[in-house]
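As a plain string of letters, each chain reads:
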Amino acid sequence: MAENMIIRVQSPEGMKKINSTKRETAAAFLKKVAKEFGFNSNGFSVYLNRNKTGEILSQNKTLSLLKIKHGDMLFLFPSSSSQSSENMDTAQPHSSSSSSSSSSSSSMSRSHSAPQFSEDDIDQYLSKQEGKIYRNRDAQLCRHGPMGKCVHCVPLEPFDEDYLNHLDPPVKHMSFHAYIRKLTGGADKGKFVALENISCKIKSGCEGHLPWPEGICTKCQPSAITLNRQKYRHVDNIMFENHTIADRFLDFWRKTGNQRMGYLYGRYTEHKDIPLGIRAEVAAIYEPPQIGTQNSLELIDDPRAAAVEEIAAKLGLRKVGWIFTDLLSEDTRIGTVRYTRNKDSYFLSSEECITAGHFQNQHANPCRLSPDGHFGSKFVTVVATGGPDNQVHFEGYQVSNQCMALVRDECLLPCRDAPELGYAKESSSEQYVPDVFYKDKDKFGNDITHLARPLPVEYLIIDITTTFPKDPVFTFSSMLRFPIENRDALGETQDFHSLATYLSQCSSSSSFLDIVSDFHLLIFLVTNDVMPLRDSIGLLLEAVKTSNEELAQTWKKSEQWATIEQLCSTVGGQQAGSLDYAMGGPSVPASSSVMWSCVHCTFMNQPGTEHCEMCSLPRS
């Protein structure tokens, strides 16, 4: 009897227990699995690990030789349907950075069940780092030699809460990769770790009763949610590359008094001040079409959104968050603003939390430990608001994974008269909503559980430090200011007249790369209606990305840029020769190889002619 054992086998359809013995061969065991799950002998693969390593092949080795013990869990992946495999372990995340990462395999069945997503570069980098916190030898407490270690100087784990609490300032949330190390650091090395996404919806496929609202059971009913403070955060720091990025964004409020919103474009890098931390570096802000007033914002459909994403990707950037202003002027003479967001009011309103949760769900974080292929999000929220000193401060936040689930499944509503409170929706005939609770303390210090109707939104918020570097960094090196998109309310428009004015301000000593190294200028060149360069600007974007002046000069000699110069000369009332900026002159001799516009009748003439073909007047 001691040789009998039960093996658990998990599949996309659920888990089943298989009776076996230690002396049973792998081939016989796989036949039992096939019979139990209804597969043929070649329709599935069984692995020791969730990440499809340690495949159990049909052979005559016993289960004891394969180190399979009583109570172990094995993982079954069908090879006939790649879709069912993705539902189990590799669901495509909604992030634009996901891509196929399947490795080569020796059989067709294994290649069909390979993962179809890849983690972000920063996640792959941090997963390979040791992450230990090394400490120097304590002269008073350590009683050993220089090569020894004791409890006072042994390296700490990256999730050590006592170490994080004693940092200056203290860190309330460990990094996400430190949290993963905590989960995978036990004796089982994370063998049974699975980061499950919360679901507030009724599970489909339950056939034992009528569908909701006529029936529901414990198998398909979502579990109740008790809101807790999230112990980790996916991003540990937000850093703007320089003050110019933020100042240009705030200019709209300074000139109109209306609030403004924008998307943050940048990259994720390592944040070395926190063990295994991640920093979101902001290189540019794109302002989509919107309607702003002194106390509200309304976003409008953006026809250029796809083009902006394409430009950012070719520049090595991605959308890392969003920013909005909440500013009220207090004294215009000295430039102070009101301090409205604090512990006595709120830090993020419920409506802003719901919007942040919506954006985070759109930009899910690929994760290898999640059965869905994604877990949480690195998308951040930045608020430009008044601080305790009545100056403009930038505060960074994220909402918790619990808030993301409530927003995704449409279970959270804002309160009209109390911005600091949310409201968990009640069940109706159209939608079942699980109960949502939060814990508080009464006047005697006892824990009390409340139903989240209403709900204080501070249970959903994670704060993130927002900083500016001592030494500014410039991904876009242009010192001039090309008009920002969608600012027609200010009278700032992106057109060829603005481009001609911008180019005329460039000094002869400026390099061509510095002139075109402006995010808003590149967006205009790609999205303008007169001559969009979406298909021919790849070389210039590569030059800006790599700071390569030679590539920029090569693109400058193209016909597209020559046509742009001519359009600027025509619209701006300039001669082609007045654009002789950068690198000692124009890119192409205007008199011989470029079409020119007559200053008298604006007719476009063929190159090499000195008189207008339409009005016969001289070119000059």
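Preceding block: the structure.
This section reports on the structure supplied with the text. (Residues numbered from 1 in each chain as written. Predicted model: local features only at pLDDT ≥ 70, side-chain atom pairs only at ≥ 80, totals over all residues. Heavy atoms only, no water.)

**Let's talk about the overall build of the chain**
- From N to C terminus, the chain includes 17 helices and 27 strands.
- Buried positions account for 46% of the 620 residues belonging to the chain.
- Taking the contacts inside the chain whose residues are at least 6 apart along the sequence as the reference set, 65% of them involve residues at least 24 apart.
- Counting only carbon and sulfur atoms, one obtains 50% of the accessible surface of the chain, whose full area is about 31,800 Å². (Helix = DSSP H or I, 4+ residues; strand = E, 2+ residues; numbered from the N terminus. Buried < 20%, exposed > 50% of the residue type's maximum accessible area, 1.4 Å probe, protein only. Contact = heavy atoms within 4.5 Å. Areas by Shrake-Rupley, 256 points an atom, 1.4 Å probe, with all protein chains shown as cover.)

**Section: the sheet that holds strand S9 (residues 261–271)**
- Pairing in this closed barrel of seven strands is mixed, and the strands run S8-S10-S9-S13-S18-S19-S25 around the ring. Going from strand to strand, the sheet's axes swing by 35° on average, the running direction of each strand aside.
- By the bridge criterion, four bridges tie strand S8 (residues 237–240) to strand S10 (residues 277–286) in an arrangement that is parallel. Across the sheet, the residue bridging to asparagine 237 is arginine 279, located in S10.
- Relative to the sheet, helix H7 (residues 243–256) contacts S8, S9, S10, strand S13 (318–326), strand S18 (380–386) and strand S19 (392–399), its axis offset from that of S10 by approximately 45°. (Pairing = 2+ DSSP bridges. Axes fitted to C-alpha atoms, helices over the stretch in contact; angles between N-to-C directions.)

**Quick word on helix H11 (residues 496–504)**
- Of all the positions in H11, only Phe496, Ser498, Leu499, Ala500, Tyr502 and Leu503 are classed as buried.
- Looking at where H11 begins, the residue whose side-chain oxygen comes 3.2 Å from the main-chain nitrogen of histidine 497 is aspartate 495. (Polar contact = N/O pair within 3.5 Å; in protein donor to acceptor, adjacent residues only side chain to side chain.)

**Details of the nonpolar core**
- If you look at the biggest cluster of nonpolar residues, it comprises 73 residues, and the most contacted ones within it are Leu315, Phe476, Leu499, Phe519 and Ile537.
- In terms of residue count, helix H13 (residues 519–527) provides more of this core than any other element does, seven residues in total.
- Within the second largest apolar cluster, 26 residues are counted, among which are Ile245, Leu250, Ile323 and Ala384. (Core = buried A, V, L, I, M, F, W, Y, C linked by side-chain atoms within 4.5 Å.)

**Concerning helix H15 (residues 549–556)**
- When we look at burial in H15, the residues that qualify are Ala552, Gln553, Trp555 and Lys556. All buried residues of H15 fall inside an arc of 160° around its axis, so they share one side.
- The distance from a side-chain oxygen at the start of H15 to the backbone nitrogen of glutamate 550 is 3.0 Å, and the residue carrying that oxygen is asparagine 548. (Arc of directions from axis to C-beta.)

**Description of the layout of surface pockets**
- Put simply, the largest pocket is a space of about 1,600 Å³.
- What lines the largest pocket is a set of 50 residues, among which Glu196, Asn197, Ser199, Lys203 and Asp372 lie closest to the centre.
- Those elements giving two or more residues to the lining of the largest pocket turn out to be strand S1 (4–11), strand S2 (14–21), helix H2 (82–89), helix H6 (176–184), strand S6 (225–227), strand S17 (374–377) and helix H10 (401–408).
- By residue number, the principal contributor to the lining of the largest pocket is H10, which donates five residues.
- Here the second largest pocket defines a volume of roughly 1,200 Å³.
- What lines the second largest pocket is a set of 45 residues, and nearest its centre among them are Lys172, Arg233, Asp463, Ile464 and Thr465.
- Contributing elements (two or more residues each) for the lining of the second largest pocket: S8, S19 and strand S25 (461–467). (1 Å grid on protein atoms, 1.4 Å probe; cavity = no way out; pocket = protein on both sides within 12 Å on 5 of 7 lines; lining within 4 Å. Points joined across faces, edges and corners; volume = space filled by probe spheres on them.)

**Quick look at unusual backbone geometry**
- Put simply, aspartate 168 and proline 169 share a cis peptide bond, and its omega is 0°.
- Structurally, proline 169 is set in the loop between helix H5 (161–165) and strand S5 (174–175).
- Of note, the amide linkage connecting arginine 453 to proline 454 takes the cis form, showing an omega dihedral of 5°.
- Along the chain, proline 454 falls in the loop between strand S23 (447–451) and strand S24 (455–456).
- Of note, the phi angle at lysine 52 is positive, near 60°, even though the residue is not glycine.
- Here lysine 52 shows up in the loop between strand S3 (44–47) and strand S4 (73–78).
- Residue class for lysine 52 comes out buried when judged on its relative accessible area of 10%.
- Notably, serine 547 is not glycine yet its phi reads approximately 55°, a positive angle.

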